[in-house]
Number of protein chains: 2
Amino acid sequence: MMKTLIIVSHPEIDNSQTQQFLYQGAKLENAIWHHVEKINNLDVINEQKLLIEADRIIFQFPLYWYSAPSGLKSWEDTVLTRNFIYGDKTYPLEGKEFGLVITTGLPLKDFQKGAAENFTLDELMTPYRAIADKARMKIMPIFPVPQFWYKTELMQMDLLVDYQRYLTQEMPDSLNNKQTWFEKKLQELDLNSNIEDKKFLELILSNFTSRIEELDQLNDTLEMVKEDDEN
Amino acid sequence: MMKTLIIVSHPEIDNSQTQQFLYQGAKLENAIWHHVEKINNLDVINEQKLLIEADRIIFQFPLYWYSAPSGLKSWEDTVLTRNFIYGDKTYPLEGKEFGLVITTGLPLKDFQKGAAENFTLDELMTPYRAIADKARMKIMPIFPVPQFWYKTELMQMDLLVDYQRYLTQEMPDSLNNKQTWFEKKLQELDLNSNIEDKKFLELILSNFTSRIEELDQLNDTLEMVKEDDEN
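Note that the structure is a prediction, hence the values are computed from the model and not measured. (Residues numbered from 1 in each chain as written. Chains lettered and ligands numbered in written order. Predicted model: local features only at pLDDT ≥ 70, side-chain atom pairs only at ≥ 80, totals over all residues. Heavy atoms only, no water.)

Caption draft 1: Local environment of helix α2 (residues 44-53) of chain A. Residue and element names in this part refer to chain A. For α2, the full list of buried residues reads E47, Q48, L50 and L51. Taken end-on, α2 shows its buried residues confined to a sector of 155°, consistent with a single buried face. Two or three places before I45, at the opening of α2, D43 has a side-chain oxygen 3.1 Å from that residue's backbone nitrogen. (Buried < 20%, exposed > 50% of the residue type's maximum accessible area, 1.4 Å probe, protein only. Helix = DSSP H or I, 4+ residues; strand = E, 2+ residues; numbered from the N terminus. Arc of directions from axis to C-beta. Polar contact = N/O pair within 3.5 Å; in protein donor to acceptor, adjacent residues only side chain to side chain.)

Here it is in structure tokens:
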């Protein structure tokens with residue numbers, strides 16, 4: 001089973017509603033929640049072992065001055081030694097997937113040229129892409145979590161499922177991979193979950209499959225139009 | 001007189017030949033060398049006061065994972081409070097100049113698309129540009145210091161003068177502003193410097209003025225060609 005390591009950085013995580021919410025979502029069999037500010041006596045070898053054992057590595061943090069909080073930078077500067085990442089030409093993280101979960105109090109539309117922040121999240125995250133490149137990791141699209149506290153309960157539940165998919169679904173985020181993930185998730189719930197969770201996921205799954213059916217119908221229509229054109 | 005504040009970050013500055021060299025260059029009447037890793041009991045109000053009193057603010061650091069060492073990020077996260085930078089709509093740093101002095105063990109040509117690092121320094125420094133934008137500061141071009149230890153003594157002296165100009169010369173870096181800076185520098189030396197320094201700067205100045213004369217001659221020639229064309 002694919003393993004995901006979530007490197008979380010937040011200096012006041014207990015006061016962060018967003019991080020507490022994501023923490024609930026990350027309670028998955030194959031995901032490790034690793035909060036850097038809570039590490040006592042950082043052991044570089046142990047941290048590197050965690051990275052090596054993961055198939056997907058996520059950096060998760062709130063945007064502090066367009067970057068991660070200093071806690072994550074300190075962890076990077078200590079754990080990601082040159083020799084570990086690329087120094088001896090062995091590239092132990094090669095081929096692993098690298099993702100970024102970024103929480104922000106601002107709306108996403110602010111992150112573009114000419115808007116309030118004037119830079120895209122992609123541009124601001126260039127240093128992390130450069131690290132992933134250097135380690136020969138595969139870069140996933142950023143998972144932004146803007147303005148969590150404005151979300152309705154339903155939007156929050158939607159976010160939770162999307163977050164879980166970001167952590168454990170096979171990439172790319174295609175319809176097929178999505179469907180496989182949902183089906184597997186439902187099977188797991190049949191075995192060991194409470195009735196509330198199950199109902200919720202069944203709802204999502206039925207929504208999702210109905211959308212797939214719509215797409216199928218659209219495809220059929222498209223085929224018919226094509227055939228008409230050819231005749 | 002214009003005041004420059006140099007916020008320096010390096011966790012092992014005493015072992016850094018490059019930083020020790022730049023430190024000698026920064027011994028100027030109107031420049032303050034402020035090493036963040038050496039601050040005891042960080043006083044936010046005092047740090048903000050230093051920023052307010054400066055006309056030009058420089059962040060100076062070695063590239064650690066395509067960014068500043070965690071010491072500078074920690075300083076940013078603590079000192080640059082939202083309220084100080086833009087929260088109350090007063091923008092106390094508005095109009096000040098903001099520069100970056102970046103030392104790296106790699107050659108500059110590595111920092112471009114397709115080369116070893118695949119990103120330009122400008123791209124990697126996006127978060128700092130975003131901070132300067134937010135504070136309404138004027139952004140200076142980056143001052144890169146690549147591969148200091150490969151430089152000959154003459155190249156090092158050249159670097160030192162360029163660094164001093166980056167710290168204190170009026171921007172933009174035009175021929176006129178350059179000349180004014182050199183002339184002022186020489187006057188100061190006449191008053192209070194040792195003979196070695198003076199000889200060195202006279203050499204630079206004479207080189208520089210001879211290049212200006214060459215340019216003047218070229219301009220004259222160009223004018224003559226134009227006149228010929230018109231006749």
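There's plenty left to go through after this.
Caption draft 2: Broad picture of the packing of α2 of chain A against helix α3 (residues 70-79) of chain A. Residues and elements named next belong to chain A. Here α2 crosses α3 at 95°, and the two axes come no closer than 10 Å. Classified by the interaxial angle, the pair formed by α2 and α3 is roughly perpendicular. Between α2 and α3, the contacting residues are V44, E47, Q48 and L51 on the first element and W75, T78 and V79 on the second. Grouping the constituent residues of the contact of α2 with α3 by class yields 4 nonpolar, 2 polar and 1 charged. (Axes fitted to C-alpha atoms, helices over the stretch in contact; angles between N-to-C directions. Parallel < 35°, antiparallel > 145°, perpendicular 65-115°, else oblique. Contact = heavy atoms within 4.5 Å. Nonpolar A, V, L, I, M, F, W, Y, C, P; charged D, E, K, R; others polar.)

Caption draft 3: Quick peek at the pairing of strand β1 (residues 4-8) of chain A. Residue and element names in this part refer to chain A. For β1, a buried count of 5 out of 5 residues is recorded, marking the element as mostly surrounded by other parts of the structure. By the alternation rule, side chains of β1 split into T4, I6 and V8 and L5 and I7, which are all buried. Pairing between β1 and strand β2 (residues 31-35): 5 bridges, direction parallel. Considered in β2, the bridge of T4 is made with A31. With respect to chirality, the unit in which β1 leads through helix α1 (residues 17-25) into the neighbouring parallel β2 is right-handed. Here β1 runs beside strand β3 (residues 56-62); their pairing, made up of 5 bridges, is parallel. Residue pairing across strands places T4 opposite R56, the latter belonging to β3. (Pairing = 2+ DSSP bridges. Right-handed = clockwise from strand over helix to strand, strands pointing away.)

Caption draft 4: Fine view of the pattern of salt bridges. Taken as a whole and judged by the stated rule, the model has 18 salt bridges over all chains. Between D173 of chain A and R165 of chain A there is a salt bridge, with its nearest N and O atoms 2.7 Å apart. Exposure remark for D173 of chain A: the relative accessible area of 44% places this residue in the partly exposed category. On the basis of relative accessible area, R165 of chain A is assigned to the buried category, the value being 7%. Notably, a salt bridge pairs K73 of chain B with D77 of chain B, separated by 2.8 Å at the nearest N-O pair. Taken together, the residues K73 of chain B and D77 of chain B, both in helix α3 (residues 70-79) and 4 residues apart, mark about one turn of the helix. Taking the relative accessible area as the measure of exposure, K73 of chain B reaches 6% and is therefore buried. Through salt bridges with shared partners, a single network forms among D162, R165 and D173 of chain A. (Salt bridge = Lys/Arg side-chain N within 4 Å of Asp/Glu carboxyl O.)

Caption draft 5: Inspection of a negative patch on the surface at higher detail. A contiguous patch of negative charge, built from D122 and E123 of chain A together with D122 and E123 of chain B, is present on the exposed surface. At the level of secondary structure, the elements contributing two or more residues to the negative patch comprise α5 (121-124) of chain A together with α5 (121-124) of chain B. Tracing the chain through its elements places D122 of chain A in helix α5. (Patch = residues over 30% accessible without salt bridge, like charges linked within 9 Å, V, L, I, M, F, W, Y side chains within 5 Å. Areas by Shrake-Rupley, 256 points an atom, 1.4 Å probe, with all protein chains shown as cover. Lys, Arg positive; Asp, Glu negative; His and termini not counted. Charge placed at Lys NZ, Arg CZ, Asp CG, Glu CD.)

Caption draft 6: Main features of the environment of Q48 of chain B. Residues and elements named next belong to chain B. The residue Q48 is located in helix α2 (residues 44-53) in this model. It is 7.7 Å that separates the C-alpha atoms of Q48 and L80, two residues lying 32 residues apart in sequence. When near neighbours in sequence (up to four residues on either side) are disregarded, Q48 contacts V79, T81 and F84.

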